[in-house]
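# Descriptive structure summary
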Amino acid sequence: MTLLLNGEPREVAATTLEQALAELGYAGKVVATAVNGDFVPARKRETVTLAEGDRIEVVAPMQGG
């Protein structure tokens, strides 16, 4: 299915947010996620089912000063 990842279309076979993150290379990384504008805590990612056209936002913390 096609999802929008940070505004860019991406093809994935995943059906849950957790699976999609793994497929897109975010497995094991500390990131914040939202689906269609709603924040999804890490502990809930395996329960969020994705659908064609869903908008996923992934934000990673940055170091700096």
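These numbers come from a predicted model, not from an experiment.

Conventions we followed
- Every residue gets a number counted from 1 within its own chain, in the order that chain's sequence is written.
- Only residues with pLDDT of at least 70 are given local features in this predicted model, and only at 80 or more are side-chain atom pairs given and counted; all residues enter the totals for whole chains, interfaces and linings.
- The basis for every side-chain value is the complete set of non-hydrogen atoms in the structure, without hydrogens or water.
- Each helix is a run of H or I in the DSSP string that is no shorter than four residues. Each strand is a run of E no shorter than two, and both are numbered from the N terminus.
- Whether a residue is buried, partly exposed or exposed follows from its accessible area with a 1.4 Å probe, protein chains only, as a fraction of its type maximum: under 20%, in between, or over 50%, in that order.
- When checking whether two residues touch, look at their non-hydrogen atoms; a contact exists if any pair is within 4.5 Å.
- Using the Shrake-Rupley algorithm and a 1.4 Å probe, accessible areas are obtained, with residue cover drawn only from the displayed protein chains.
- By the counting scheme adopted, Arg and Lys are positive, Glu and Asp are negative, and His together with the chain ends is not counted.
- When a carboxyl oxygen of Asp or Glu lies within 4 Å of a side-chain nitrogen of Lys or Arg, that pair is called a salt bridge.
- Between N or O atoms, a polar contact is any pair within 3.5 Å; within protein, one atom must be a potential hydrogen donor and the other a potential acceptor, and residues adjacent in sequence are included only when both atoms are from side chains.
- To form a nonpolar core, buried Ala, Val, Leu, Ile, Met, Phe, Trp, Tyr and Cys residues must be joined to one another through side-chain atoms within 4.5 Å.

### Focus on the overall build of the chain
Each helix and strand counted, the chain has one helix and five strands in total. Scanning the chain from its N terminus toward the C terminus, one meets helices and strands in the order β-β-α-β-β-β. For the chain, the C-alpha atoms occupy an extent of roughly 40 × 25 × 20 Å along the three principal directions. Residue burial in the chain is summarised as follows: out of 65 residues, 32% are buried. Considering only intrachain contacts with a sequence separation of at least 6, the fraction spanning at least 24 residues in the chain is 51%. Carbon and sulfur atoms provide 53% of the accessible area of the chain, an area that totals close to 4300 Å².

### Let's talk about the side chain of Arg45
If you trace the backbone, Arg45 turns up in the loop between strand 4 (38-40) and strand 5 (55-59). Buried and unpaired, Arg45 has Glu18 as its nearest opposite-charge partner, separated by 7.1 Å. A distance of 2.7 Å separates the side chain of Arg45 from the backbone oxygen of Val31, its partner in a polar contact. In contact with Arg45, not counting residues within four places along its chain, are Thr16, Leu17, Glu18, Leu21, Val31, Ala32, Thr33 and Val40.

### Some details on the nonpolar core
Leu17, Val35, Leu50, Ile56 and Val58 are the most contacted members of the largest nonpolar core, which totals 15 residues. Those elements giving two or more residues to this core turn out to be strand 1 (2-5), helix 1 (17-23) and strand 5. In terms of residues, this core owes the most to one element, helix 1, which gives three residues. Residues in contact with Leu50, not counting those within four places in the same chain, are Met1, Leu3, Thr15, Thr16, Leu17, Ala20, Val35 and Ile56.

### Let's talk about the side chain of Thr33
Position of Thr33 among the secondary structure elements: in strand 3 (residues 32-35). Accessibility expressed as a relative area gives 2% for Thr33, which makes it buried. Side chain to side chain, Thr33 and Arg45 meet in a polar contact 3.1 Å long. Excluding anything up to four places from it in sequence, Thr33 contacts Leu17, Leu21, Asp38, Phe39, Val40, Arg45, Glu57 and Val58.

Purely geometric numbers; function is a separate question.
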